[in-house]
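Here is how the chains run, residue by residue.
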Amino acid sequence: MGNIVEVINVSKNYGDIKAVENISFNVKEGEFYSLLGPSGCGKTTILRILGGFIEQDSGKVIIDGKDMKGISPNRRNTSMVFQDLALFPHMNVRENIIYGLRKRKTRPAAIDKKFKRIVDTLGLSGFGKRPVSALSGGQRQRVALARSLIIEPEILLLDEPLASLDKKLRIAMQDELKKIQRKIGTTFLYVTHDQGEALTMSDTIAVMNEGKIIQTGSPDYIYDYPDNIFTADFIGAGNFIPLSSVNNNGQFLSIRAEKGGEFRSASRIPHSKSLSVPVFFIRPEKIKIGSNNPENSNIFTGTVIASVFEGPDIRFEVDSLELGILRIEIKNDGTPPGINKSGKITFYWSYKDGMVLFR
Amino acid sequence: MKNRISYGLGIYTVLFFIYIFTPLILIFIFAFNRGEGYVFPLQGFTWRWFIEFFRDSLARESIGNSIIIAVSSATISTILASLLTIGLIKGKFRRPHLYITFLMLPVLMPSLTIGIAALVFFRTINFPLGIPIVIIAHVSISMSYVFLIMMSRIEGFSLSLQEAAIDLGASWSSSIKDIVFPSLMPAIVAGWLFAFMVSWNEFIVTYFLIGNNSTLPIYIFSQLRFGISPKVNVISVLVALFTFAVILILVSAGKLNRRISPV
Amino acid sequence: MSTILKKNRNLAFPGLLWFLVFFLLPLSVILIYSITERSLISGEPVKFTMANFVQVFQKRHYLIILLRSLRISFFTTVISITFSYPVAYFLAKNTRHDRILIVMLMIPFWINYLIRIFAWKLILSDNGILNQVLMGLHLIDEPLRIMYTQTSVLLGLVYTYTPMMVLPLYASLSRIDDSLIEASLDLGASRFRAFFDITFRLSLTGIFAGTLLVFIPALGSFAIPAILGGTDSVLIGNMIENQFNIVGNWNAGSAFTLSLAALAIILVLSYSRIFGLESIYRNRGI
Ligand SMILES: Nc1ncnc2c1ncn2[C@@H]1O[C@H](COP(=O)(O)OP(=O)(O)O)[C@@H](O)[C@H]1O
Ligand SMILES: [Mg+2]
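The rules behind each value
Residues numbered from 1 in each chain as written. Chains lettered and ligands numbered in written order. Predicted model: local features only at pLDDT ≥ 70, side-chain atom pairs only at ≥ 80, totals over all residues. Heavy atoms only, no water. Helix = DSSP H or I, 4+ residues; strand = E, 2+ residues; numbered from the N terminus. Expected span 1.5 Å × (residues − 1). Near = heavy atom within 4 Å. Polar contact = N/O pair within 3.5 Å; in protein donor to acceptor, adjacent residues only side chain to side chain. Nonpolar A, V, L, I, M, F, W, Y, C, P; charged D, E, K, R; others polar. Contact = heavy atoms within 4.5 Å. Buried area = accessible area lost by both parts, 1.4 Å probe. Salt bridge = Lys/Arg side-chain N within 4 Å of Asp/Glu carboxyl O. Buried < 20%, exposed > 50% of the residue type's maximum accessible area, 1.4 Å probe, protein only. Pairing = 2+ DSSP bridges. Axes fitted to C-alpha atoms, helices over the stretch in contact; angles between N-to-C directions.

Teacher, can you tell me more about helix α6 (residues 111–124) of chain B here?
Owing to its 3.6 residues per turn, the α-helix aligns residues three or four sequence positions apart on the same side. Helix length check: α6 of chain B (14 residues) gives 20 Å between terminal C-alpha atoms against 20 Å at 1.5 Å per residue, within 8%. Among the residues trailing α6 of chain B, N126 of chain B stands out with phi positive, at a value near 65 degrees.

Okay, here's the thing in structure tokens:
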């Protein structure tokens with residue numbers, strides 16, 4: 001499988017604002033590729049450059065081996081699902097969906113066939129004559145997808161298409177989007193600020209901040225091995241323990257927290273800029289509660305200052321004298337964790353969990 | 001308490017409508033009254049004024065001119081104003097508000113001044129008075145109103161609709177034709193009706209610019225000087241019947257459920 | 001920048017060009033007339049003067065007409081606001097048949113206003129319908145003299161332009177969220193206070209838009225005073241017409257015309273400082 005999209009050193013400024021700064025990435029054919037980052041980090045700008053609605057100041061966009069310079073949106077083999085969906089209000093569902101085919105002068109018989117196939121795939125059969133104003137949020141979403149997919153684009157560009165849905169529908173639509181993508185095999189380039197969305201659907205995620213891509217990888221890799229604080233903090237939850245020293249003794253890192261706690265880690269030190277401050281990062285669910293002292297783990301004690309029951313999980317906030325305040329998350333498996341009346345607990349984590357990052 | 005207030009308001013509204021419609025009803029009655037004057041008691045039914053009206057070639061010509069002027073000025077004005085609105089609000093302009101303020105000037109001054117300016121301007125460049133100049137002046141008067149009507153609705157039009165059309169393969173011009181204009185249709189219809197109404201009623205500007213021709217208001221005004229013949233009332237009856245027919249068609253087509261109040 | 005926005009921008013040019021050639025240019029031409037002596041076409045050398053403007057404000061006769069026009073159009077506006085507010089309120093808040101009633105309200109506009117004004121002449125004249133009814137009922141012995149006075153002009157202006165006030169008022173009132181009023185009633189405001197603090201204040205933009213549609217045409221009216229008025233009810237419009245059609249002095253006429261335009265713009269702009277000019281187009285009423 002080759003790269004269907006190559007973005008090479010693309011930059012775009014709005015006056016003094018660097019919306020996109022020297023960005024490069026590749027998308028493989030058939031991939032579900034997500035750009036994930038906070039609002040204002042330049043995601044929409046990249047997507048609109050790929051769609052041909054705006055032109056980059058510098059750099060190259062290559063789609064299917066062709067340089068896209070000067071090629072207008074209606075001549076690109078991309079299609080965009082807009083954040084506000086942009087369904088044509090004066091057309092019914094069918095007219096909306098077949099608009100692109102009509103512009104391509106497709107024969108009526110072929111239009112009918114393709115229309116039938118797409119509405120069957122997306123569960124929109126029987127809605128053809130409805131005005132788009134008479135649809136639910138999820139249905140409008142599907143009409144927007146169908147309208148773009150029916151013209152068989154090589155790449156579907158999606159700009160936070162689920163942002164306006166309520167939470168339950170959003171989660172249902174995530175699963176559905178992924179299934180649809182598998183079924184039709186079109187490359188999806190998906191933009192979102194919602195890490196949960198990106199983690200559940202994507203094959204590859206590019207994490208963005210302030211106009212730059214700062215890490216790329218599969219969802220589990222990015223979750224488990226963030227290589228910078230921003231990614232670690234933006235995706236999932238994390239504990240960040242400020243450190244005073246980190247020494248490599250060959251086998252392990254010997255680490256000393258600012259509050260005095262000493263512990264070990266099996267991770268590597270990533271390269272750092274000089275003057276940057278080391279921080280130990282560990283996910284709340286990697287910390288276990290108990291005093292059974294397994295091998296190769298760091299053991300500390302602390303006081304529970306808050307606990308939150310979340311159904312499948314229980315979350316604790318623990319104040320440890322040697323480390324500071326930590327979040328711990330354990331599975332709710334019915335057996336109560338060993339916490340005595342005073343709230344004192346012992347907790348531990350394995351040398352292989354967590355890593356040193358630099359601020 | 002609340003009910004009593006809305007009851008009172010209801011009665012007031014009925015009285016208001018009676019006030020608005022009484023003069024029209026009088027006109028209707030006298031269009032069918034046999035007597036020459038306008039005095040009660042009535043003197044019996046007649047078609048005489050209808051016959052006299054249709055025999056009056058000046059009246060027919062005036063109505064024809066009025067229709068030509070109103071339809072052309074409303075159409076030109078609506079086309080220019082809707083393009084202007086799309087261009088200014090959905091196009092790249094550095095200071096759209098500067099233009100908007102300027103374009104409001106005609107709304108802020110009596111139409112008489114626009115008529116005078118047109119009269120002096122066209123006489124100075126030695127352009128003959130007549131129907132074309134009247135149409136031009138009516139466009140200048142109504143274009144800003146139509147522009148305002150369009151402005152109040154175009155804010156609800158998202159540029160992504162146009163982008164979506166182009167993304168799906170439409171050219172820029174067919175995105176305007178397929179998407180932008182149809183989405184703005186209610187405002188365009190409202191604007192056209194308003195412009196038509198302005199032109200249809202306009203007297204003073206036409207009076208200055210029409211030259212030797214006549215329009216309905218001019219015809220009526222000239223009749224008023226000698227005491228008006230009841231045949232003039234026939235015009236109102238015909239216009240009212242026509243309006244009622246249009247309203248009935250709109251109502252039965254369910255179009256009035258949407259917001260297309262003509263102003 | 002996006003090529004779509006650039007292409008869209010070009011659509012504005014025909015309208016802007018029209019505005020330039022058929023509005024701004026003619027206006028500049030009368031500006032030139034108003035500050036010169038004699039006709040530009042006559043071929044004589046042009047002499048600049050302010051005399052045309054000075055006489056507008058110096059000759060007692062002109063000043064009286066100017067003030068009268070202002071007074072009559074002011075009263076027209078105030079009366080039309082008072083008349084139409086309850087109707088607009090009823091249409092916006094108390095009925096579900098508002099659309100069809102609004103359309104009905106527009107019917108008179110399709111019938112030429114000169115004919116409607118003529119009907120008022122029938123009603124108001126000495127042997128007109130009003131006097132016939134009143135004398136028939138023996139309420140009066142002598143016919144009331146209403147025609148050819150400032151009162152008849154005022155009645156005619158109010159009748160003609162009041163529906164224009166109803167529309168924007170209705171639009172602004174129907175946009176007010178009822179829950180706002182209920183909330184303020186919940187908070188203990190009296191119905192009266194709730195009306196003034198919320199409903200009335202939010203409808204001010206409608207009043208403003210309506211004022212534009214009533215005050216300005218009334219200020220520049222010609223036909224209504226010409227038909228219903230007498231010698232004591234000549235307005236600026238009639239005076240300007242007189243300058244062009246009878247006196248034939250284009251320079252003075254241009255000065256009068258520009259004074260009228262400037263007066264209208266200054267009044268409306270100072271009035272609009274209260275509301276902001278945008279409220280004109282934000283208001284769906286016009
Ligand atoms: N048309 C524009 N004019 C000026 N600044 C813009 C424009 N579009 C985007 N920006 C700025 O560029 C940055 C990136 O915007 P965007 O790509 O929309 O971010 P995102 O989609 O990630 O929220 C933001 O700071 C935004 O304010
Ligand atoms: Mg965005």
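Explain the site of ligand 1 here, please?
Residue and element names in this part refer to chain A. All residues in the neighbourhood of ligand 1 are listed as Y14, I17, A19, P38, S39, G40, C41, G42, K43, T44 and T45. The separation between an oxygen atom of ligand 1 and a polar main-chain atom of K43 is 2.9 Å. Only β2 (17–28) and α1 (43–51) provide two or more residues apiece to the shell around ligand 1. Examining the composition of the shell around ligand 1, we find that three residues originate from one element, α1, more than from any other. Residue composition of the shell around ligand 1, grouped by class: five nonpolar, five polar and one charged.

Would you take a moment to explain the interface of chain B and chain C for this structure?
The extent of an interface is frequently quoted as the accessible surface area lost upon association of the parts. The partner chain C presents 97 residues to the 105 residues of chain B that form the contact. Taken over both partners, the interface formed by chain B and chain C buries close to 9600 Å², and the fraction arising from carbon and sulfur atoms is 80%. Joining chain B to chain C, the criterion identifies zero salt bridges. Joining chain B to chain C, the criterion identifies 14 residue pairs in polar contact (both at pLDDT 80 or more). When residues of the side of chain B that touches chain C are assigned to their parent elements, the largest contribution, 17 residues, is made by helix α1 (residues 2–31) of chain B.

Just to check I follow, could you spell out the pairing of strand β8 (residues 187–192) of chain A for this structure?
Within a regular strand, side chains alternate between the sheet's two faces. All names here are of chain A. Most of β8 sits inside the fold, with six of its six residues counted as buried. Pairing analysis gives five bridges linking strand β3 (residues 32–36) to β8, with the strands arranged parallel. Bridging across to β8, S34 finds its partner in Y190. As paired strands, strand β7 (residues 155–159) and β8 are joined by five bridges and run parallel to one another.

Would you mind going over unusual backbone geometry with me for this structure?
Across the chain, the bulk of peptide bonds are trans and the bulk of non-glycine residues have phi less than zero. Residue and element names in this part refer to chain A. Although it is not a glycine, L85 adopts a positive phi angle of roughly 70 degrees. Turning to its location among the elements, L85 is positioned in the loop between β6 (78–81) and α2 (93–97). Judged by relative accessible area, L85 falls into the buried class, the value being 7%. Despite not being glycine, N296 shows a phi value in the positive range, around 55 degrees.

In this structure, what is going on with the sheet that holds strand β9 (residues 204–209) of chain A? I would like to understand it.
Within a sheet, neighbouring strands are paired by backbone hydrogen bonds and run either parallel or antiparallel to one another. Residue and element names in this part refer to chain A. Spatially, β6-β7-β8-β3-β9-β10 is the arrangement adopted by the six strands of the open sheet, whose pairing is mixed. Each edge of the open sheet is held by one strand with a lone partner, namely β6 and β10 (212–217). For this sheet the average axis-to-axis angle between neighbouring strands, irrespective of direction, equals 20 degrees. Direction of pairing for β3 relative to β9: parallel, over a ladder of four bridges. Bridge pairing in β9 links L36 to V207. Seen against the sheet, helix α5 (residues 137–149) touches β6, β7 and β8 and runs at an angle of roughly 170 degrees to β6. In the packing of helix α6 (residues 167–184) onto the sheet, contacts are made with β3, β7 and β8, and the angle to β8 comes to roughly 160 degrees.

Just to check I follow, could you spell out the pattern of salt bridges for this structure?
Tallied over the full model, the rule gives 19 salt bridges over all chains. A salt bridge links K69 of chain A to E55 of chain A, with the nearest nitrogen and oxygen atoms 3.5 Å apart. On the criterion of sequence distance, the pair formed by K69 of chain A in the loop between β5 (66–67) and β6 and E55 of chain A in the loop between α1 and β4 (58–63) is long-range, its members being 14 residues apart. Note on E55 of chain A: relative accessible area 39%, which makes it partly exposed. Between D178 of chain B and K177 of chain B there is a salt bridge; the shortest N-O distance is 3.8 Å. Under the relative-accessibility criterion, D178 of chain B is labelled buried at 14%.

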